[in-house]
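Chain residues, written in single-letter form:
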Amino acid sequence: IILVYGIKLDGWPVGLPFLSPSHMHTVIEVCTFCDALKTGTCQWKKLTQWELEDFRKDIKKHEEAGEVVGTVCKKRADTG
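The following refers to the structure shown. (Residues numbered from 1 in each chain as written. Predicted model: local features only at pLDDT ≥ 70, side-chain atom pairs only at ≥ 80, totals over all residues. Heavy atoms only, no water.)

**With respect to the overall build of the chain**
For the chain, the helix and strand inventory stands at three helices and two strands. Secondary structure of the chain in N-to-C order comes out as α-β-α-β-α. For a compact globule of 80 residues, the expected C-alpha radius of gyration is about 12 Å, and the chain comes in at 16 Å, more than 25% above that figure. Structurally, the chain occupies a C-alpha span of about 50 × 40 × 20 Å along its principal axes. Across the 80 residues of the chain, 16% fall into the buried class. Expressed as a percentage of contacts within the chain between residues at least 6 apart in sequence, the contacts between residues at least 24 apart total 57%. Only carbon and sulfur atoms are counted for the fraction: they give 60% of the accessible area of the chain, which is about 6,800 Å². (Helix = DSSP H or I, 4+ residues; strand = E, 2+ residues; numbered from the N terminus. Rg over C-alpha atoms; globule rule 2.2 N^0.38 Å. Buried < 20%, exposed > 50% of the residue type's maximum accessible area, 1.4 Å probe, protein only. Contact = heavy atoms within 4.5 Å. Areas by Shrake-Rupley, 256 points an atom, 1.4 Å probe, with all protein chains shown as cover.)

Structural data, given as structure tokens:
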């Protein structure tokens, strides 16, 4: 979301795993996240051009260090 849209979530609730709401396991987790959005403790923030560029540089450093950035897809069974 950060690289594509230039936005991020600030103030993610403490103790709540950083997951998509569709992957949360309990109603309590979803309610906690929803309450944080409603009260404004967790909110969307548009990054400035400089913040976005710094984020891109940071991602590139991690990739060059050999770290896995993002999700790795499973190799297809029918590849040669």
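**Quick notes on the side chain of E29**
Residue placement: E29 occurs in helix α2 (residues 27-39). Of note is the side chain of E29, whose polar atom sits 2.8 Å from the backbone nitrogen of H25. (Polar contact = N/O pair within 3.5 Å; in protein donor to acceptor, adjacent residues only side chain to side chain.)

**Brief notes about the packing of aromatic side chains**
Under the defined criterion, the tally for this structure stands at two aromatic pairs. Between W12 and F18, the aromatic rings sit 4.6 Å apart at their centres with planes inclined by 65°, giving edge-to-face as the arrangement. Ring geometry for W12 against F33: centres 4.8 Å apart, planes inclined by 35°, an arrangement best described as tilted. Linking W12 in the loop between β1 (7-10) and α2 with F33 in helix α2, this pair joins segments that are 21 residues apart in sequence. W12 gets classed as buried once you look at its relative accessible area, which sits at 18%. Members of the aromatic cluster, connected to one another through ring pairs, are W12, F18 and F33. (Phe/Tyr/Trp six-rings, centres within 6.5 Å; stacked < 30°, edge-to-face > 60°.)

**Thoughts on the nonpolar core**
Residues L9, W12, L16, M24, F33, A36 and C42 constitute the largest nonpolar core, which totals seven residues. Apart from residues no more than four positions distant in its own chain, L9 is found in contact with F33, L37, C42, Q43 and W44. (Core = buried A, V, L, I, M, F, W, Y, C linked by side-chain atoms within 4.5 Å.)

**Digging into a nonpolar patch on the surface**
The grouping of I1, L3, V4, Y5, L37 and W44 at the surface amounts to a nonpolar patch, some 670 Å² of accessible area in total. For the nonpolar patch, the leading source of residues is helix α1 (residues 2-5), giving three residues. (Patch = residues over 30% accessible without salt bridge, like charges linked within 9 Å, V, L, I, M, F, W, Y side chains within 5 Å. Salt bridge = Lys/Arg side-chain N within 4 Å of Asp/Glu carboxyl O.)

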